Number of protein chains: 2
Amino acid sequence: MRNIKLTLEYDGTNYCGWQRQINGISIEETLEKVIIDLFEEDIKILGSSRTDSGVHARGQVVCFKTKSTIPTHKIPGAINSRLPRDIVVVYAEEVDMDFHPIYSTKGKMYSYRIINRKMEPALMRNYYWHVGYNLNFEHMQKAATYFIGEHDFSSFKSQGGSTKDSIREIYSLNLTKDGDYITVTIEGNGFLYNMVRIIVGTLIDVGRGRIPYDSIGDIIKSKDRRRAGITAQAHGLYLEKVYY
Amino acid sequence: MRNIKLTLEYDGTNYCGWQRQINGISIEETLEKVIIDLFEEDIKILGSSRTDSGVHARGQVVCFKTKSTIPTHKIPGAINSRLPRDIVVVYAEEVDMDFHPIYSTKGKMYSYRIINRKMEPALMRNYYWHVGYNLNFEHMQKAATYFIGEHDFSSFKSQGGSTKDSIREIYSLNLTKDGDYITVTIEGNGFLYNMVRIIVGTLIDVGRGRIPYDSIGDIIKSKDRRRAGITAQAHGLYLEKVYY
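All of these numbers come straight from a predicted model, not from anything done at the bench. (Residues numbered from 1 in each chain as written. Chains lettered and ligands numbered in written order. Predicted model: local features only at pLDDT ≥ 70, side-chain atom pairs only at ≥ 80, totals over all residues. Heavy atoms only, no water.)

### What about the relation of the copies chain B and chain A?
The two copies are related by a screw operation: chain B maps onto chain A through 180 degrees of rotation and 0.0 Å of translation along the axis, at an RMSD of 0.0 Å. Here the copies are linked by what is in effect a two-fold axis. Every residue of chain B has its C-alpha some distance from the rotation axis, and the shortest such distance is that of Met 124 of chain B, at 3.7 Å. (Least-squares fit on C-alpha atoms with pLDDT ≥ 70 in both.)

### Some details on the interface of chain B and chain A
Every contact between the two is made by 26 residues of chain B and, on the other side, 26 residues of chain A. With both chains or domains summed, chain B and chain A bury close to 2100 Å², and 58% of this area falls on carbon and sulfur atoms. If you look at where chain B meets chain A, you find four salt bridges. Arg 85 of chain A is paired through a salt bridge with Glu 120 of chain B; the nearest N and O atoms lie 3.7 Å apart. Here chain B is connected to chain A by eight residue pairs in polar contact (both at pLDDT 80 or more). Contributing elements (two or more residues each) for the side of chain B that touches chain A: β1 (2–10), β3 (56–66), α2 (75–80) and β4 (87–95) of chain B. Among the elements that take part in the side of chain B that touches chain A, β4 of chain B stands out by supplying four residues, more than any other. (Contact = heavy atoms within 4.5 Å. Buried area = accessible area lost by both parts, 1.4 Å probe. Salt bridge = Lys/Arg side-chain N within 4 Å of Asp/Glu carboxyl O. Polar contact = N/O pair within 3.5 Å; in protein donor to acceptor, adjacent residues only side chain to side chain. Helix = DSSP H or I, 4+ residues; strand = E, 2+ residues; numbered from the N terminus.)

### Observations regarding the packing of helix α3 (residues 137–145) of chain B against helix α4 (residues 195–207) of chain B
Each pair of packed helices can be described by the angle between their axes along with the distance between the axes. All names here are of chain B. α4 packs onto α3 with a crossing angle of 135 degrees between their chain directions and a minimal axis gap of 8 Å. Taken together, α3 and α4 sit at an angle that is classed as oblique. Crossing angle aside, the handedness with which α3 passes α4 is right-handed. Where α3 abuts α4, its residues His 139, Met 140, Ala 143 and Ala 144 lie against Leu 203, Ile 204, Val 206 and Gly 207. Counted by class, the contact of α3 with α4 contains six nonpolar, two polar and no charged residues. (Axes fitted to C-alpha atoms, helices over the stretch in contact; angles between N-to-C directions. Parallel < 35°, antiparallel > 145°, perpendicular 65-115°, else oblique. Left-handed = near helix turned anticlockwise from the far one by under 90°. Nonpolar A, V, L, I, M, F, W, Y, C, P; charged D, E, K, R; others polar.)

### Focus on the environment of Ser 158 of chain A
All names here are of chain A. Summarising the element assignment, Ser 158 is placed in the loop between β7 (149–152) and β8 (167–178). Sequence-wise, Ser 158 and Ile 198 are 40 residues apart; in three dimensions their C-alpha atoms are separated by 8.3 Å. Sequence-distant contacts of Ser 158, that is, excluding residues within four places in its chain, are made with Tyr 193, Asn 194 and Ile 198. Within the local environment of Ser 158, its side chain forms a polar contact with the side chain of Asn 194, the two groups lying 2.8 Å apart.

### Looking at the pattern of salt bridges
Residue and element names in this part refer to chain B. For the coordinates displayed, the defined rule picks out 30 salt bridges over all chains. Across the salt bridge formed by Glu 94 and Arg 2, the nearest N and O atoms sit 3.2 Å from each other. You can see Glu 94 sitting in strand β4 and its partner Arg 2 sitting in strand β1, a full 92 residues away along the chain. By relative accessible area, Arg 2 is classed as buried at 13%. (Buried < 20%, exposed > 50% of the residue type's maximum accessible area, 1.4 Å probe, protein only.)

### So, the packing of aromatic side chains
Taken as a whole, this structure holds 17 aromatic pairs over all chains when the rule is applied. Centre to centre, the rings of Phe 147 of chain A and Phe 156 of chain A are 5.1 Å apart; their planes meet at 80 degrees, and the pair counts as edge-to-face. A single burial state applies to Phe 147 of chain A and to Phe 156 of chain A, both of which are buried. With a centroid separation of 6.3 Å and an interplanar angle of 70 degrees, the aromatic rings of Phe 153 of chain B and Phe 156 of chain B are classed as edge-to-face. An aromatic cluster is built from Phe 147, Phe 153 and Phe 156 of chain A, whose rings are joined through pairwise contacts. (Phe/Tyr/Trp six-rings, centres within 6.5 Å; stacked < 30°, edge-to-face > 60°.)

### Observations regarding the pairing of β3 of chain B
Each regular strand shows side chains that alternate between the opposite faces of the sheet. Residue and element names in this part refer to chain B. β3 sits mainly inside the fold: 10 of its 11 residues count as buried. Here β1 runs beside β3; their pairing, made up of eight bridges, is antiparallel. Across the sheet, Tyr 10 pairs through a bridge with Ala 57, a residue of β3. One ladder, built from two bridges, connects strand β2 (residues 46–47) with β3; its direction is antiparallel. Residue Gly 47 lies in a different strand from β3, and its bridge partner there is Val 62. (Pairing = 2+ DSSP bridges.)

### A short note on helix α4 (residues 195–207) of chain A
Three or four residues apart is the spacing at which side chains of an α-helix point the same way, because the helix has 3.6 residues per turn. All names here are of chain A. For α4, with 13 residues, the first-to-last C-alpha span of 18 Å sits near the 18 Å given by 1.5 Å per residue. With 13 of its 13 residues buried, α4 lies for the most part within the structure. Count one or two residues on from α4 and you reach Gly 209, which has phi positive near 90 degrees. (Expected span 1.5 Å × (residues − 1).)

### Looking at the UniProt feature "active site" (unreviewed entry) in chain A
All names here are of chain A. Residues annotated in UniProt with the feature "active site" (unreviewed entry) correspond here to Asp 52. Mapped onto the elements, Asp 52 comes out in the loop between β2 (46–47) and β3 (56–66). Under the relative-accessibility criterion, Asp 52 is labelled partly exposed at 21%. Not counting residues up to four positions away in its chain, the partners in contact with Asp 52 are Gly 17, Tyr 193, Asn 194 and Arg 197. (UniProt positions renumbered as here; feature names shortened; annotations may be inferred.)

### Section: α3 of chain B
Residue and element names in this part refer to chain B. Here α3 has its buried residues at Phe 137, Met 140, Ala 143 and Ala 144. Buried residues along α3 cover an arc of 115 degrees about the axis, so they all sit on one side. Opposite its buried face, α3 presents the exposed residues Glu 138 and Thr 145, each directed more than 90 degrees away. Looking at the buried side of α3, the elements it contacts are β8 (167–178), β9 (181–188), α4 and α5 (216–222). Sitting at the amino-terminal end of α3 is Asn 136, which places a side-chain oxygen 3.2 Å from the backbone nitrogen of Glu 138. (Arc of directions from axis to C-beta.)

### Focus: the side chain of Thr 66 of chain B
Residues and elements named next belong to chain B. Relative to the elements of secondary structure, Thr 66 occurs in strand β3. With a relative accessible area of 0%, Thr 66 lands in the buried category. Within polar-contact distance, the side chain of Thr 66 engages the backbone nitrogen of Ser 68 at 2.9 Å. Residues in contact with Thr 66, not counting those within four places in the same chain, are Met 1, Arg 2, Ile 4, Phe 39, Glu 41 and Ile 43.

Next up, the structure:
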């Protein structure tokens, strides 16, 4: 048996998310079906991150075990030729049999893209969250610094996550601005359910003056979801990298 | 009567191009229908640029004459509320009655976006041309300098354009690279049919070694379309600005 690790890029627009669901087509089942067909084995794939509907990925990691002897470097092309064009295997490698895409994770990087102008965009609407308010970018940058480090992020998680422990460490949280476009990049050892989207939504609420930038420390300490900001829309979020 | 000038952004993916055609829905007819409905007049709109199917715009300019007294600043919202989401009026202004979106033009700016990596992209496939070859970016930048200035661009036009004169002036042609992403920005007093796409295709052919960068001058002089490179795909092209 071999343990194959795939790095996956996908456009989440037309899927109900990574995970199999009753309504809608998931990325998980789309990829698994292709892998079962190709390897002619009863394969179960395992993804590192359960991205929501509309969320994109440049570096989702997926593992599966196979008896096949197909050379590893030929796996991406063989899978991609059977996949829809909005899912692409970027890389394949053989890893140790005990490598696990979830439990072996050391951290993750996400990015979030915003277009900030009054008028709704006609272009790239599935790839940017449109925010029409005037934003104080400097306040958003100041607010971002409060998230760095190890905290209980209970104020920044939605109901429905599977983990009990809400302590996570944020390694970095950077905001860049290029004309109307704002990119948020965040790295940490792990993220609670909707945590990145609630952090981004809170930064937006800081930018438009609904939350003072220097109250972020208190909001974290309160462990009260109602004190944080809105949840940013799914389609601006990208799973960039999973660190092992 | 008033002459109204609109600045238009659109995603060209789902249209047969700007101009009305027998097969497919054009941006021109989609916008005109909304304007006729809204103003309750028999209005003819006129666009500055006949963008092809798949080509995007951030700054298409459209004019129409109306007897309506609706305040100019209310026109974008009124039109946008009736348009599909992939066409947006960004700005409206009242201009002199003799202002003409084509004949009053002093120049145009286009951009062209390329993703350069081996693997096909899953994301933003309608907004970037995927080029899988290794490219010598320095050679492409050197080649770009030959296009600047006033030349007969017969080597860089497709059949089917309406103009007889092929002399145009390129004011600037810049290439920037950010990781796998290449952006070409070109400004000039006017462009022949497919001229930007053939220039970009030729730059790609230079980058992959099929055309030497120092032969661009000769290719221009030859006035022979067969000596220039391929025509870059439509969906990487953006009409950015029209200068008046």
